[in-house]
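# Structural characterization, general
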Amino acid sequence: MSVTKNDKQIANCTTTHFILGLNTKGEGTLSMRISTKGRYGLRILLDLALHVESRPRMLRDIAESQGISEKYLSRLIVDLRQANLVSSVRGAKGGYSLARNPAEISILEVVEVMEGSLAVVDCVDCDEPQPCMRAACCATREMWNGMNEKIRAILKEVTLQSILDRQREMDADAQCWNYCI
């Protein structure tokens, strides 16, 4: 993978399982980012967890409280529902709610549902059966793999419940009001 300083083009990035997208900032500097799909998917789940005591949430309520377009949210919710993270209820009092306990939902699961397998570089993608012909004799692959494993471990350890607890602390301290009534 290379970045030229003149045109800031990223070359040789062709994988479909690349969730930590490389973006350029400044003069040829790379930064890794999880896309809006992953970030908004987590925000949708947090919104549902914050309102678990009330009736199912309608798309427009989630969209309004999270500042996400309802059209985009409707596409994201499909992935969350197919992964059994969200359930839907039809009818006048229908909407969406969490399908599982927040303590059972890891952030790794959310990111992989929304983005695909987690890999910082193609050669450590766990979905690739034969990552690269140099894999067995590449010292840099070991470093990338170690980095990838640490990121996965952190995301697996953090649950929706821990983020929910932190959001409630922030709301109680009046530091942040991120939802509407």
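Above this text is the structure in question.
Residues numbered from 1 in each chain as written. Predicted model: local features only at pLDDT ≥ 70, side-chain atom pairs only at ≥ 80, totals over all residues. Heavy atoms only, no water.

### A word on the overall build of the protein chain
Within the protein chain, the secondary structure is distributed over 6 helices and 6 strands. Starting at the N terminus and ending at the C terminus, the protein chain contains elements arranged as β-β-β-β-α-α-α-β-β-α-α-α. The buried share of the protein chain, reckoned over its 181 residues, is 34%. With an accessible surface of roughly 10900 Å², the protein chain has 51% of that area assigned to carbon and sulfur atoms. (Helix = DSSP H or I, 4+ residues; strand = E, 2+ residues; numbered from the N terminus. Buried < 20%, exposed > 50% of the residue type's maximum accessible area, 1.4 Å probe, protein only. Areas by Shrake-Rupley, 256 points an atom, 1.4 Å probe, with all protein chains shown as cover.)

### Here's the deal with the pattern of salt bridges
Evaluation of the coordinates by the stated rule reveals 5 salt bridges. Between Glu169 and Arg166 there is a salt bridge whose closest N-O contact spans 3.1 Å. Here Glu169 pairs with Arg166, and both are found in helix α6 (residues 160-172), just 3 residues apart, close to one helical turn. (Salt bridge = Lys/Arg side-chain N within 4 Å of Asp/Glu carboxyl O.)

### What about the packing of aromatic side chains?
Tallying each qualifying case throughout the model produces 1 aromatic pair. Taking the centre distance of 5.8 Å and the plane angle of 70° together, the rings of Tyr40 and Tyr72 count as edge-to-face. Linking Tyr40 in helix α1 (residues 36-50) with Tyr72 in helix α3 (residues 70-82), this pair joins segments that are 32 residues apart in sequence. The buried category is assigned to Tyr40, whose relative accessible area is 18%. Residue class for Tyr72 comes out buried when judged on its relative accessible area of 18%. (Phe/Tyr/Trp six-rings, centres within 6.5 Å; stacked < 30°, edge-to-face > 60°.)

### Overview of the packing of α1 against helix α4 (residues 107-115)
For any two helices packed against each other, the geometry comes down to the angle between their axes and how far apart the axes lie. With their axes 8 Å apart at the nearest point, α1 and α4 run at an angle of 125° to one another. Considering the angle they form, α1 stands oblique to α4. The handedness of the crossing between α1 and α4 comes out as right-handed. Every residue of α4 that contacts α1 at Lys37, Gly38, Gly41, Leu42 and Leu45 is listed here: Ile107, Val110, Met114 and Glu115. Along the lines of polarity and charge, the residues of the contact of α1 with α4 split into 5 nonpolar, 2 polar and 2 charged. (Axes fitted to C-alpha atoms, helices over the stretch in contact; angles between N-to-C directions. Parallel < 35°, antiparallel > 145°, perpendicular 65-115°, else oblique. Left-handed = near helix turned anticlockwise from the far one by under 90°. Contact = heavy atoms within 4.5 Å. Nonpolar A, V, L, I, M, F, W, Y, C, P; charged D, E, K, R; others polar.)

### Examining unusual backbone geometry
Backbone geometry places Asn84, a non-glycine residue, at a positive phi of 60°. With respect to the helices and strands, the residue Asn84 is situated in the loop between α3 and β5 (86-89). On the accessibility criterion, Asn84 (45% relative accessible area) is partly exposed.

### Let's talk about the nonpolar core
If you look at the biggest cluster of nonpolar residues, it comprises 31 residues, and the most contacted ones within it are Ile44, Leu45 and Leu160. Those elements that provide at least two residues to this core are α1, α2 (59-66), α3, β6 (95-98), α4 and α6. Here this core takes 8 residues from α1, the largest share from any one element. Counting residues in hydrophobic clusters, the runner-up holds 5 residues, among them Ala119, Val121, Cys123 and Val124. (Core = buried A, V, L, I, M, F, W, Y, C linked by side-chain atoms within 4.5 Å.)

### A closer look at the pairing of β5
Pairing of β5 with β6 involves 4 bridges; the strand directions are antiparallel. In the strand pairing of β6, Ser87 is matched with Ser97. Hairpin connection from β5 to β6: 5 residues lie between these consecutive antiparallel strands, with Gly91 at a positive phi of about 110°. (Pairing = 2+ DSSP bridges.)

### Here's the deal with α2
Along α2, the residues that are buried comprise Leu59, Ile62, Ala63, Ser65 and Gln66. Looking at the packing, one finds that the buried side of α2 touches α1, α3 and β6. Gly67 sits one or two residues past α2 and shows a positive phi near 65°.

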